[in-house]
Each structure stands twice: as C-alpha cells, then as structure tokens.
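# Report on the structure
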Amino acid sequence: MFESLSQRIEEAVHKLKGKGRITEVNVASTIKDIRRALIDADVNYKIAKQVTDDIKVEALGRKVLKSLAPGQVLIKIVHEKLTELMGGKPQEANLKGSPAIVLMAGLQGSGKTTFSGKLANLIQQKQHKKVLLVACDVYRPAAIEQLKVVGEQIGVEVYAEPDNKNPVAIAQNAVEHAKTHHYKVVVVDTAGRLAIDEVMMLEIAQIKAAIQPSETLFVVDAMTGQDAVNTAKAFNERIDFDGVVLTKMDGDTRGGAALSIRAVVDKPIKFIGTGEQMRALDTFRPEGMAGRILD
Ligand code: GDP
C-alpha cells in the first residue's frame with residue numbers, strides 16, 4: 001500500500017546524498033517530501049507546513065546531513081517534533097469532585113455512547129469507584145436503549161428519564177441521584193446530530209453550565225480526517241472542552257487527525273478508541289501516535 005513516512009524520509013535523504021553537495025536548497029526538497037507525506041497522513045496543510053518549517057530549522061541546526069545516518073537523525077527529529085506537538089506526555093481526565101462529572105459531546109455516530117461505556121467500565125474496574133451512566137438523548141429512544149445495553153454489559157447503572165424531554169433537567173436530576181446514592185463518578189452521554197447545528201450546541205452548552213462537569217470530553221471519529229478538525233474547532237468555540245477522545249483508531253487511519261486537532265484547538269487528546277468492545281480503550285500516547293504517523 002502506502003510507503004511509510006519513514007521510508008519516504010530515508011529515500012529523500014538518500015537522493016540528497018547522491019547529489020554530492022548538500023545544500024540548504026536540497027534539504028528544502030526533503031522537507032517538502034515530509035510535508036507531502038504528513039498531508040497524506042491526514043495532517044492539515046497549515047499544520048504540516050508549520051511542523052516542517054520547525055523541522056527544517058532543527059535539522060539544519062543539528063547538522064543532520066553531516067551525520068553518518070542522516071535519514072535516521074531526520075526521522076528522529078520528525079518523531080520528536082510530532083510528539084511535542086501532540087502534547088508530549090499522556091494526560092488524564094480530571095475526576096475531581098464528589099461526584100466527579102464527565103460530560104460527553106460530539107456528533108451522532110462519533111462513538112459517544114460506546115466511549116461512555118468504556119470509560120465507566122475503566123473507572124469501575126481500575127479505580128473501583130461506583131459509576132453512574134446518564135442518558136441525556138431525548139430525541140432518539142434507541143439511544144437510551146443502547147446505553148442501557150452497554151450498562152448491563154459492564155454492570156453499571158444507567159440513569160434515564162424516558163418521558164422527560166428536557167436534557168438539562170435530566171442531567172441535573174442524575175447528579176442529585178448520584179449524590180444521594182453515593183456515586184463517585186457520573187458519566188453523561190448526550191445527544192449528537194449528524195452535522196453541527198445550533199440547537200445541539202445550545203443544548204450541550206446549557207447542560208455544561210447546569211452541571212459544571214470536572215471534565216468535558218469531545219468525542220470524534222478519527223476516520224473523518226479534516227472534518228474531525230472542523231468539528232473540533234466548532235465544539236471548542238462553543239463549549240470549551242477539556243480533552244478529546246479519538247475513536248475508531250482501529251481503522252486504517254494514519255492518525256494525522258490527532259496532530260491537526262491538537263494544533264487547531266490546543267486541547268489534549270486524552271483517550272483513543274480502538275474497537276467496538278468495552279475494553280477497546282487506550283490512553284492517548286503522543287509518542288506512540290508520532291510513531292504511527294511515521295510508520
Ligand atoms: P454515538 O452516536 O456518538 O453515541 O456513537 P456510538 O457509540 O453509537 O458509535 C457509533 C458506531 O461506532 C457504533 O457502531 C459503535 O460500535 C462504533 N464505534 C464506536 N467506537 C468505536 C471504535 O473505537 N472502533 C470501532 N471500530 N467502532 C467504534
């Protein structure tokens with residue numbers, strides 16, 4: 001299939017060496033190759049340009065081309081740069097508060113309900129905390145059912161009010177319910193639409209204001225490439241979320257969306273979804289993702 005970014009860098013550097021004299025102009029063409037490869041991996045153009053401009057400065061500074069294995073050194077620089085741009089270190093969700101409240105936001109089909117279950121499962125299994133899942137989708141009865149199925153699967157209670165059409169009230173009632181029954185963490189799943197729309201944005205903003213979550217996570221399908229970046233931007237402007245969940249990373253996406261989203265909204269990616277099963281959840285690791293983009 002595709003040649004990997006690492007291979008392309010190696011080849012470009014190899015071509016350079018063949019030219020005998022290595023100049024800044026020559027390096028520029030290698031940098032262009034890297035930029036093209038990043039764009040192929042779904043990194044948006046502006047970000048790819050910014051990254052490669054930085055890489056160029058770094059590469060010239062470190063005298064890459066005088067080293068014994070310039071291709072390897074350049075790959076290392078690219079890896080370091082990508083890691084740094086994606087935040088360097090893994091970042092955890094903030095589960096402070098009693099109860100801690102985690103609010104999900106994102107388009108329909110992005111994987112919110114699935115991720116809500118995965119997160120509830122993780123908290124319950126690893127931290128042994130009592131978790132409550134909340135169904136706040138008042139438009140699709142099937143959404144409530146879906147969350148209930150998930151809850152049953154992982155042994156977590158699901159709070160729903162099928163006859164209540166006010167998602168803000170449901171969320172508030174759920175938090176009260178959690179306090180009364182000593183739940184430590186509340187995970188609120190919300191309604192999404194197929195595209196960004198004003199009613200959805202207003203609703204999620206109102207829920208957020210009413211329950212003041214310690215963590216608001218924006219869930220996005222990594223397979224949607226550039227759309228993922230635009231959606232992230234729109235949601236962030238409206239609800240100022242705390243972190244991003246990239247789902248469907250088990251697909252054949254190269255992961256460039258991670259880099260673009262991070263750069264555009266300047267919020268950390270905290271989790272990745274790697275399958276439909278409840279255990280298919282990982283902490284986002286910038287270094288690993290940089291490796292994936294390069295591979
Ligand atoms: P919601 O509308 O945002 O609540 O999205 P859902 O949780 O219903 O997910 C939509 C579809 O994507 C479902 O078929 C899920 O099984 C699937 N899905 C969610 N997360 C992942 C993931 O990480 N990998 C894969 N392959 N499928 C996923």
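Residues numbered from 1 in each chain as written. Predicted model: local features only at pLDDT ≥ 70, side-chain atom pairs only at ≥ 80, totals over all residues. Heavy atoms only, no water.

The protein chain is annotated in an unreviewed UniProt entry as Signal recognition particle protein of Microscilla marina ATCC 23134. For the record of the protein chain, the UniProt heading Catalytic activity (unreviewed entry) holds the text "GTP + H2O = GDP + phosphate + H(+)". Turning to the protein chain, the UniProt record has this under Subunit (unreviewed entry): "Part of the signal recognition particle protein translocation system, which is composed of SRP and FtsY." (UniProt positions renumbered as here; feature names shortened; annotations may be inferred.)

What follows deals with the side chain of Glu 161. On the secondary structure map, Glu 161 appears in the loop between strand E3 (157–159) and helix H7 (167–180). Although Glu 161 is buried, it forms no salt bridge, and the closest oppositely charged side chain is Lys 165 at an N-O distance of 11 Å. A polar side-chain atom of Glu 161 sits 2.9 Å from a polar atom in the side chain of Asn 164. (Helix = DSSP H or I, 4+ residues; strand = E, 2+ residues; numbered from the N terminus. Buried < 20%, exposed > 50% of the residue type's maximum accessible area, 1.4 Å probe, protein only. Lys, Arg positive; Asp, Glu negative; His and termini not counted. Salt bridge = Lys/Arg side-chain N within 4 Å of Asp/Glu carboxyl O. Polar contact = N/O pair within 3.5 Å; in protein donor to acceptor, adjacent residues only side chain to side chain.)

Put simply, the protein chain has an average pLDDT of 89, and 93% of its residues get 70 or more. Prediction confidence for the complex, expressed as pTM and ipTM, is 0.92 and 0.99 respectively. (pLDDT = per-residue confidence, 0-100.)

Turning to helix H9 (residues 226–239), a few remarks are in order. Along its 14 residues, H9 runs 20 Å from first to last C-alpha, staying within 8% of the 20 Å computed at 1.5 Å per residue. Regarding H9, the residues found buried are Ala 228, Val 229, Thr 231, Ala 232, Phe 235, Asn 236 and Ile 239. For H9, the angular spread of buried residues about the axis comes to 165°, placing them on one side. Lining the buried residues of H9 we find strand E1 (100–105), helix H8 (198–211), strand E5 (215–221) and helix H10 (256–265). Asp 240 sits one or two positions beyond H9 and adopts a positive phi of about 45°. (Expected span 1.5 Å × (residues − 1). Arc of directions from axis to C-beta. Contact = heavy atoms within 4.5 Å.)

On to the layout of surface pockets. Counted as a void, the largest pocket has a volume near 410 Å³. What lines the largest pocket is a set of 19 residues, and nearest its centre among them are Leu 122, Lys 126, Phe 271, Leu 281 and Thr 283. Of all the elements in the fold, those that place two or more residues in the lining of the largest pocket are helix H5 (112–127), strand E7 (269–273) and strand E8 (281–283). Top element by residues in the lining of the largest pocket is H5. It accounts for eight residues. Space inside the second largest pocket adds up to approximately 350 Å³. Here the lining of the second largest pocket takes five residues from H5, the largest share from any one element. Class assignment of the residues belonging to the lining of the second largest pocket gives a composition of three nonpolar, 12 polar and eight charged. (1 Å grid on protein atoms, 1.4 Å probe; cavity = no way out; pocket = protein on both sides within 12 Å on 5 of 7 lines; lining within 4 Å. Points joined across faces, edges and corners; volume = space filled by probe spheres on them. Nonpolar A, V, L, I, M, F, W, Y, C, P; charged D, E, K, R; others polar.)

Here we take up the UniProt feature "domain: SRP54-type proteins GTP-binding" (unreviewed entry) in the protein chain. The UniProt feature table records "domain: SRP54-type proteins GTP-binding" (unreviewed entry) at residues 268–281. The span residues 268–281 carries 0% helix and 43% strand; its end-to-end C-alpha distance comes to 16 Å.

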